[in-house]
Amino acid sequence: MARHRLNRIGRWLALGAFLAICLVGCEFFQPGPQADFTVNPTIIYANETFTLDASTSVGSGSLVSYRWQLSDGQTLAGQQVNTSLAFPGTYSIELVVEDANGETDRYAQPLVVYARSGTVLLEEDFSDADASLARWVLDPTWASANDAQIDFIHGSSGNALYIRSAASRWHRRYRAIELPPLRVGQEAVFSCRIMTLRNQDFHTFLFAPARAEIDSLVGALPYYLFTNVKDGSYIQVPSSLGTDVGHPIGYEPEVYRWHTYTFRFGRDSYEFLIDDDPWMDGPLDAPFDDSSQWVILIGEESLTETCNAYYDDLRVSIEE
Ligand SMILES: [Ca+2]
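Going along each chain's sequence as written, the residues are numbered from 1 onward. This being a predicted model, a pLDDT of at least 70 is required before a residue's local features are given, and a value of 80 or more before pairs of side-chain atoms are given or counted; all residues contribute to the totals for chains, interfaces and linings.

K.L.:
Describe in detail the overall build of the protein, supporting the description with residues and values.
P.N.:
In this text, helices come from DSSP runs of H or I with a minimum length of four residues, and strands from runs of E with a minimum of two, each type numbered from the N-terminal end. Per the secondary structure count, the protein includes one helix and 22 strands. When the 320 residues of the protein are sorted by exposure, 27% land in the buried category. Contact definition: two residues whose C-beta atoms, as placed from backbone geometry, lie within 7 Å. Put simply, 65% of the contacts in the protein that link residues at least 6 apart link residues at least 24 apart. Exposure in this text rests on C-beta crowding, where 20 or more other C-beta atoms within 10 Å of a residue's own make it buried, 12 or fewer make it exposed, and counts in between make it partly exposed. The C-beta atoms are placed from the backbone.

Shown next as structure tokens:
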């Protein structure tokens, strides 16, 4: 009787050991599914179809479902799906796979969507007259709304923004813009035509193409400042005041002159041009390779008398 019971205990122990080995073995030989995917093509542009391909996912049983979640809100199903994203930016894509045993796995990776070179992000010619003033928000820190208006200029310019700030104050206006991420080789190009006189004391005008905040240089990209104190024309980078780049505005009484100021920002350097002539270049303080909200800031200041400047044809584009 005692021997019979010992045999039974022995059998239970053997069965337990077998089950334990089997469980470990089952785990080893039958791993759950592993989600994985590739994106084609490698470089994705806004509004262009790309393919998400989950055929690199693995699982012991045959995978029975593939579910995709894109951070713009799209949900898709299938091992291979085609889709597109309307706006440039950085997104995340998550894949959840499920096998025949009901086991699931998820895998996510970021996806950067670029704008095609040639994309125009902003074009301002003030052609709709006073309505355009609403697009260029007054910086209330500095001046009153009455210091600017839209003026018609005979010739090719037509309507332009005319700023005449009273003595000892700025009149600045700004507009928010969202820039796409820059692919290697791409540049964000900002240009603005400005017309003014030199025969005014302490006259200063500003073209600040990309600031993170209006009143701070933190996170700002280089900008252009002209002052007729010593005929100075300066590229300012946020970490330094810059030096005179040597582009005085020629003096003739009552003669206004248009010049086009252009910044080309790459991912880590900039180039500045006047009337399409390369004028200065240098490194950026911080890499410029992600999409962000920026502010374009323009304006004019006089310390001692009423001064004026005209702004027209502001343009922002993505180019090679
Ligand atoms: Ca115009």
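K.L.:
Would you mind going over the environment of Arg 164 in detail, with residue names and values included?
P.N.:
Relative to the helices and strands, Arg 164 is located in strand S12 (residues 158-165). C-alpha of Arg 164 to C-alpha of Gln 149: the two residues are 15 residues apart in sequence and 8.7 Å apart in space. Excluding its chain neighbours within four sequence positions, the residues that come into contact with Arg 164 are Asp 147, Thr 306, Cys 307 and Asn 308.

K.L.:
Describe in detail the sheet that holds strand S1 (residues 38-40), supporting the description with residues and values.
P.N.:
Ordered by their spatial adjacency, three strands build an open sheet running S1-S3-S6, and the pairing between neighbours is antiparallel. One side of each edge strand has no neighbouring strand; the edge strands of this open sheet are S1 and strand S6 (80-83). Across this sheet, the average inter-strand angle for adjacent strands is 20°, counted without regard to direction. As paired elements, S1 and strand S3 (residues 50-53) share three bridges and run antiparallel to each other. What sits directly across from Asn 40, in S3, is Thr 51. For two strands to be treated as a pair, DSSP must find at least two bridges joining them. Think of each axis as a best-fit line through the C-alpha atoms, taken over the contacting stretch in the case of a helix, with angles from 0 to 180 degrees between the N-to-C directions.

K.L.:
Outline the pairing of strand S7 (residues 89-99), listing residues and values.
P.N.:
In this structure, strand S4 (residues 63-70) lies alongside S7, joined through seven bridges in antiparallel fashion. Considered in S7, the bridge of Gln 69 is made with Glu 94. Sheet topology note: the S7/strand S8 (residues 104-114) ladder contains ten bridges and is antiparallel. Bridge pairing in S8 links Val 96 to Arg 106. If you look at the hairpin formed by S7 and S8, you'll find four residues sitting between the two strands, and Gly 102 has a positive phi there, around 85°.

K.L.:
Please provide a residue-by-residue account of the nonpolar core, values included.
P.N.:
Residues of type Ala, Val, Leu, Ile, Met, Phe, Trp, Tyr and Cys that are buried and joined through C-beta atoms within 7 Å form what is called a nonpolar core. Core analysis: the biggest nonpolar cluster contains 44 residues, and Leu 161, Ile 194, Phe 207 and Tyr 311 have the highest contact counts within it. For this core, the element with the most residues is strand S22 (residues 307-319), which contributes six residues. Where each domain starts and ends comes from a domain assignment, either automatic or drawn from a database. Split by domain, this core shows at least three residues from each of two domains, domain 1 (38-114) and domain 2 (120-319). Excluding anything up to four places from it in sequence, Leu 161 contacts Phe 126, Trp 136, Ala 148, Ile 150, Tyr 310, Tyr 311 and Asp 312. Ala 35, Leu 52, Ala 54 and Leu 63 belong to the second largest nonpolar core, which has nine residues in total.

K.L.:
Which residues make up the pairing of S22, and what values go with them?
P.N.:
The sheet contact formed by strand S9 (residues 120-124) and S22 spans four bridges and is antiparallel. Residue pairing across strands places Glu 123 opposite Arg 315, the latter belonging to S22.

Honestly, it's all geometry; don't read function into it.
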